[in-house]
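Chain and residue survey
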Amino acid sequence: MIALTHGGNVGEVDEMCASLRDAAAGGDDPGTEAFFTAWTAGGDRLIELAEENLAKGRKISAGEQFGRAALYYAIAERMQAHGFEKRLEMYRQSLALFAKERELAGINCERIEIPYGGAYLAGLFVRAENAPPRAPIVVVMNGLDSTKEILQRSIMGTMFAKRGLSALFIDQPGTGEALRLQNFPAVPNTEIWASKIVDYLQSREDIDPARIGALGVSLGGYYCPRAVAFEPRFACGAVWGANHDWRAVQQARLRREGENPVPHYWKHVEWVFGVKDKGDFFTKAEAMHLDGVLDRIKVPFLVTHGENDRQIPLKYARQTYEQLVNSPQRDLVIFTVREGGVEHSSLDNPNNAGAIIADWLAEILGGHTA
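To start, this report covers the structure provided alongside it.

In the structure shown here, the tally under the stated rule is 28 salt bridges. With a shortest N-O distance of 2.8 Å, Glu77 and Arg87 are connected by a salt bridge. Of this pair, Glu77 sits in helix H5 (residues 59–78) while Arg87 sits in helix H6 (residues 87–105), and the two are 10 residues apart along the sequence. Residue class for Glu77 comes out buried when judged on its relative accessible area of 2%. Each of the salt bridges in this network shares a partner with another, and the network as a whole consists of Arg111, Glu113, Lys148, Glu149, Asp171 and Glu177.

As structure tokens, this is what we get:
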């Protein structure tokens, strides 16, 4: 579903998955290496086609094929256990292919680096269309296992720009490059890195420093509200999937309640949070909740959630909304079967749900919806 809603091709995805039916029957964890082999092969074939097009000077077609190969590589990498020997190499290859796509296909997307912790946080900057010299911007924060490239290839890669909003897709600590290349684990106090992002954006001459919004996806439903609560320079916030009490969600997963977002789940979260075992992870996760935090938010805030979310229960969206007592405009939208997007962060059907979020942000930040 991630592939199909982030620029993948249904025929290619079906072909890659067809060989995995038997492996899938054995459970989530054992089949991941077979998944890696199948999806890597699909990406390899696209690279061959792209190189042939490039030799003929067909840069746009080549760029699009490199981009789909990058997506399939990224998803193959995402499914593997931490420590899988080919994982880091595959991640680096996907980054290089995404960069080729942006260059050859002329995509409105620029890589940027923000100083942080003696190194940097990498981001993808998408410029607003038909915007004033200083445009409003939305900072898009990853979830537990997403990356800036995957989110930029989603509907969010174009929906903000069309509404006069720039967008920054960021690999914050615990995700993407920050985790894999810089060894920055996730931290509960997200304002530490969010403030550095605001510093950077306010220094840009093409960004309105008073119109910086934030959007959190999945676990970003915790990261974003926390950042907005403690970084008052954000003009508004929104979550695509409320993650009000992640510590409670982890206790539920320990009881095998709800669905895991990735295979090899416990080793994955230990890696993300930079801990040595499950006990240390639960100690760190104890701080991952929004109780006693949200009353600090004094800007408009949007809470959205799919009514059939099987990873994060719907009740947490209501808790986040109810605790936004000092927000001058708080809105709660539950995505139903009528508009689609009922699953976790609307991965089943993001178009209508994403448009609702983008329209709300455009209205608050002074973009346009017509």
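Moving on from the coordinates now.
On to the nonpolar core. Residues Phe234, Trp246 and Phe273 are the most contacted members of the largest nonpolar core, which totals 60 residues. Those residues within four positions of Phe273 in sequence are excluded, and the remaining contacts are Leu144, Pro185, Ala186, Tyr223, Trp246, Phe281, Lys284 and Met288.

The subject of this paragraph is the packing of helix H12 (residues 246–254) against helix H14 (residues 278–285). Interhelical geometry of H12 versus H14 gives an angle of 150° and a closest axis separation of 9 Å. Taken together, the axes of H12 and H14 lie roughly antiparallel to each other. Mapping the contact onto sequence places Trp246, Arg247, Gln250, Gln251 and Leu254 in H12 and Lys278, Phe281, Phe282 and Ala285 in H14. Per-class residue counts for the contact of H12 with H14 are 5 nonpolar, 2 polar and 2 charged.

Turning our attention to the packing of aromatic side chains. Applying the stated criterion across every chain, the model contains 13 aromatic pairs. Between the aromatic rings of Phe281 and Phe282, the centroid separation amounts to 5.3 Å while the plane-to-plane angle is 70°, which identifies the pairing as edge-to-face. Under the relative-accessibility criterion, Phe281 is labelled buried at 0%. Ring pairing ties together the aromatic residues Trp246, Tyr265, Trp266, Phe273, Phe281 and Phe282, which thus form one cluster. Just above the ring of Phe66 sits the side chain of Lys100; from NZ or CZ to the centre is 4.6 Å. Note that Arg330 overlies the ring of Tyr321, its terminal NZ or CZ placed 4.7 Å from the centroid.

Our focus in this paragraph is the environment of Arg233. On the secondary structure map, Arg233 appears in the loop between helix H11 (220–230) and strand S6 (236–240). Of the residues examined, Arg233 reaches a relative accessible area of 28% and is grouped as partly exposed. Remark: the alpha-carbon pair of Arg233 and Ala210, spanning 23 residues in sequence, is separated by 7.2 Å. Leave out the neighbours within four places in its chain, and Arg233 touches Ser195, Val198, Asp199, Gln202 and Ile212.

To continue, consider the sheet that holds strand S3 (residues 135–141). Strand order in the open sheet formed by 8 strands is S1-S2-S4-S3-S5-S6-S7-S8, with mixed pairing between adjacent strands. Because the sheet does not close on itself, it has two edges, and the strands there are strand S1 (110–116) and strand S8 (330–335). Ignoring strand direction, the axes of neighbouring strands in this sheet form an average angle of 20°. Where S3 and strand S4 (residues 166–170) come together, 5 bridges link them in parallel fashion. Bridge pairing links Ile137 to Ser166 in S4. Taken strand by strand, helix H10 (residues 191–203) contacts S1, strand S2 (119–126), S3, S4 and strand S5 (207–217), and its axis lies near 120° from that of S1.

Within S5, 8 of the 11 residues are buried, leaving the element largely enclosed by the surrounding structure. Of the pairings in the sheet, the one linking S3 to S5 comprises 6 bridges and is parallel in character. Each residue of the ladder has a partner; that of Val140, found in S5, is Leu215. Pairing analysis gives 5 bridges linking S5 to S6, with the strands arranged parallel. Residue pairing for S6: Gly216 is matched across the bridge by Val239. Following the chain from S5 across H11 to the adjacent parallel S6, one finds a crossover that is right-handed.

Calculation rules
- Residues numbered from 1 in each chain as written.
- Predicted model: local features only at pLDDT ≥ 70, side-chain atom pairs only at ≥ 80, totals over all residues.
- Heavy atoms only, no water.
- Salt bridge = Lys/Arg side-chain N within 4 Å of Asp/Glu carboxyl O.
- Helix = DSSP H or I, 4+ residues; strand = E, 2+ residues; numbered from the N terminus.
- Buried < 20%, exposed > 50% of the residue type's maximum accessible area, 1.4 Å probe, protein only.
- Core = buried A, V, L, I, M, F, W, Y, C linked by side-chain atoms within 4.5 Å.
- Contact = heavy atoms within 4.5 Å.
- Axes fitted to C-alpha atoms, helices over the stretch in contact; angles between N-to-C directions.
- Parallel < 35°, antiparallel > 145°, perpendicular 65-115°, else oblique.
- Nonpolar A, V, L, I, M, F, W, Y, C, P; charged D, E, K, R; others polar.
- Phe/Tyr/Trp six-rings, centres within 6.5 Å; stacked < 30°, edge-to-face > 60°.
- Lys NZ or Arg CZ within 6 Å of the ring centre and 35° of its normal.
- Pairing = 2+ DSSP bridges.
- Right-handed = clockwise from strand over helix to strand, strands pointing away.

The values reported here are purely geometric and, on their own, carry no functional implication.
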